[in-house]
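Fold and contact review
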Amino acid sequence: MNDTLSSLWTSVLQEIQSEVSQANFFTLFKHTALLSLEDNIATIAAPSSMIINLLEKRYLPVIKESLKKKTEKDIEVILIAKAVAQTTHDESTTPLFGKAEEIKKPIQIGHLPRVRPDFTFATLAVSQSNQLAFVSAQTVAQNPGASYNPLFIYGPVGVGKTHLMQAIANEVYRADPNRKIVYITSEEFTNEVVEAIRSNDTARMKRRFRSASLLIIDDVQFIAGKDRVQEELFHTFNSLIDTGGQIVLSSDRPPSEIKKLEARLSSRFAGGLTVDVEAPDFEMRTAIVLKKAEKFGFSITMDVAKIIAERQQDVRSLEGALLRVVTEATTKQKELTQELAEKALRGGEKEASSVIHADDIIKSTCDFFSIKPTQLKGPKRDAALVKARQITMFLLKKELGMTYVEIGNILGGRDHTTIMHGVEKMELLAVDQSTLSEEIRGITKGLRG
């Protein structure tokens, strides 16, 4: 890092340090670096993908605002996972739990940089709850198109379906980078079909999907009720099967339980191998904690991992609990013992009781408009549902600082551009329409009890 970049980033960090807690600064910012600043795009290194996720979720606006003050320009920020050997803001401090591993930039899979390089079979914890799905996914990755075609993986949110599918993509890519791999959500697939029809260019869209060696569609349940989309997927399905292409699908339910799904498509979905992934048991959660700690460069004991697994039932909350425990030990320069872990998690529970979560916003919005969460997240576009959905997008962004991608995933796998449009629309209308402002205030009032 040259002197100019080093000086700029030191100045930015000094400002941020005055705005965040000592624990958050030490854990999230201390081992970052500004690698480049070109064409108003700042590339910032952080020691792990977990740190990147937290920075994007909580502090990306703070970073951008500080850079804007220092440069007098609107700066876009790209965060990459890369261990920083030295930091200019305090080089005397080293992590208690070992240096975080350097992670390569995301592999460009097909036309989308959507597949995380750390989502591999090696980094997935396996137990009875996902063993069949794991073995099936490995079989598909080793010989795509030869068996289990399609592979249909279903299960509730947060059990590792996306990890399995991206592991397949990574394995196939590494074996042959020339294969055409398309990883896409059902929302993005829908948008592509609609745009192709609007622009009268369906031939290009058909070539793109039907020439794939591996087509992976996440949250396929959201194509239910969309006739033209189902028709295009049906013909794409047949074309890929005929040419030996592999299809992998995920859903929150088996094909037979997806309502408004054409019988011919449901039959195709069930024509390969359908496997479910269950919520992880205690042993599985413990293994996940150990895997995540290893991946992020932390050294924890089995007993500490068990304490975290006991307190957290949701797989997606395990990373947050792990970070809280490590932060407690790092900040206080103490050994990471069972007692320290229990104390850190108890403090987290007290704090969590007053913290707003995404589910709270969704529930408050649904209660206000007398709708169900499934309707809010579903594909219907009735005017009342669209309004409630866009207010939810706005509140998730405003109250929690979530990224557009994160909001899209929570609201049924919607594309980040859809979320961006919804948030921007609500921001404008909230200024001009007193009725909308009152509705938002009513929802937030209910949100805060």
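The shown structure was predicted, so the numbers you read here are calculated from the model rather than taken from an experiment.

**Some words on the overall build of the protein**
Each helix and strand in the protein was counted, giving 20 helices and eight strands. Across the protein, contacts joining residues at least 24 apart in sequence account for 73% of those joining residues at least 6 apart. Carbon together with sulfur atoms contributes 48% to the accessible area of the protein, which is approximately 21900 Å² in total.

**Thoughts on unusual backbone geometry**
Outside of glycine, negative phi angles account for most residues, and trans bonds account for most peptide bonds. Geometrically, the link from Asn149 to Pro150 is a cis peptide bond, its omega value of 5° lying close to zero. Among the secondary structure elements, Pro150 is positioned in the loop between α5 (131–142) and β4 (151–154). We note that Asp219 has phi near 55°; this positive angle belongs to a residue other than glycine. Assignment of secondary structure puts Asp219 in the loop between β6 (214–218) and α9 (227–243). Phi angles above zero are rare outside glycine, and Lys260 is one such case at about 60°. With respect to the helices, strands and loops of the structure, Lys260 is situated in the loop between β7 (246–251) and α10 (263–269).

**Quick notes on the sheet that holds strand β3 (residues 76–81)**
Reading across from one edge, β1-β2-β3 is the order of the three strands in this open sheet, with mixed pairing throughout. The sheet is open, and its two edges are formed by β1 (33–38) and β3, each paired on a single side. Looking at each pair of strands side by side, their axes are set apart by 20° on average, direction ignored. Direction of pairing for β1 relative to strand β2 (residues 41–46): antiparallel, over a ladder of five bridges. Within the sheet, the bridge partner assigned to Leu37 lies in β2 and is Ala42. Packed onto the sheet, helix α1 (residues 3–17) meets β1 and β2 and runs at close to 115° relative to β1. Taken strand by strand, helix α4 (residues 60–71) contacts β1, β2 and β3, and its axis lies near 125° from that of β3.

**Details of the pattern of salt bridges**
Following the criterion strictly, the structure yields 12 salt bridges and no others. With a closest N to O distance of 3.5 Å, Lys69 and Glu15 form a salt bridge. In this pair, Lys69 sits in helix α4 while Glu15 sits in helix α1, placing the two residues 54 residues apart along the sequence. Residue classification places Glu15 among the buried residues on the basis of a relative accessible area of 17%. One salt-bridge network, held together by shared partners, links Glu15, Lys69 and Lys70.

**A few points about the sheet that holds strand β5 (residues 181–185)**
Spatial strand order, β5-β6-β7-β4-β8: five strands in an open sheet with parallel pairing. If you trace the sheet from one side to the other, it starts and ends with β5 and β8 (273–276), each paired once. Each adjacent strand pair in this sheet contributes to an overall mean axis angle of 15°, direction not counted. Note: β5 against β6, five bridges, orientation parallel. Following the sheet pairing, Thr185 is matched in β6 by Asp218.

**As for helix α17 (residues 383–400)**
Taking 1.5 Å per residue as the helical rise, α17 with its 18 residues ought to reach 26 Å, and the 25 Å between its terminal C-alpha atoms agrees with that figure. Remark: Gly401 follows α17 within two positions and exhibits a positive phi of approximately 65°.

**Let's talk about the confidence of the model for the protein**
A residue-level look at the protein finds 86% of positions with pLDDT of 70 or above and a mean pLDDT of 81. Overall, residues 85–112 carries pLDDT values under 50, and its contacts beyond four positions in sequence, including any with other chains, amount to 71 contacts. Across residues 350–354, where pLDDT falls below 50, the model places two contacts with residues more than four positions away in sequence or in other chains.

What counts, and where the lines are drawn
Residues numbered from 1 in each chain as written. Predicted model: local features only at pLDDT ≥ 70, side-chain atom pairs only at ≥ 80, totals over all residues. Heavy atoms only, no water. Helix = DSSP H or I, 4+ residues; strand = E, 2+ residues; numbered from the N terminus. Contact = heavy atoms within 4.5 Å. Areas by Shrake-Rupley, 256 points an atom, 1.4 Å probe, with all protein chains shown as cover. Pairing = 2+ DSSP bridges. Axes fitted to C-alpha atoms, helices over the stretch in contact; angles between N-to-C directions. Salt bridge = Lys/Arg side-chain N within 4 Å of Asp/Glu carboxyl O. Buried < 20%, exposed > 50% of the residue type's maximum accessible area, 1.4 Å probe, protein only. Expected span 1.5 Å × (residues − 1). pLDDT = per-residue confidence, 0-100.

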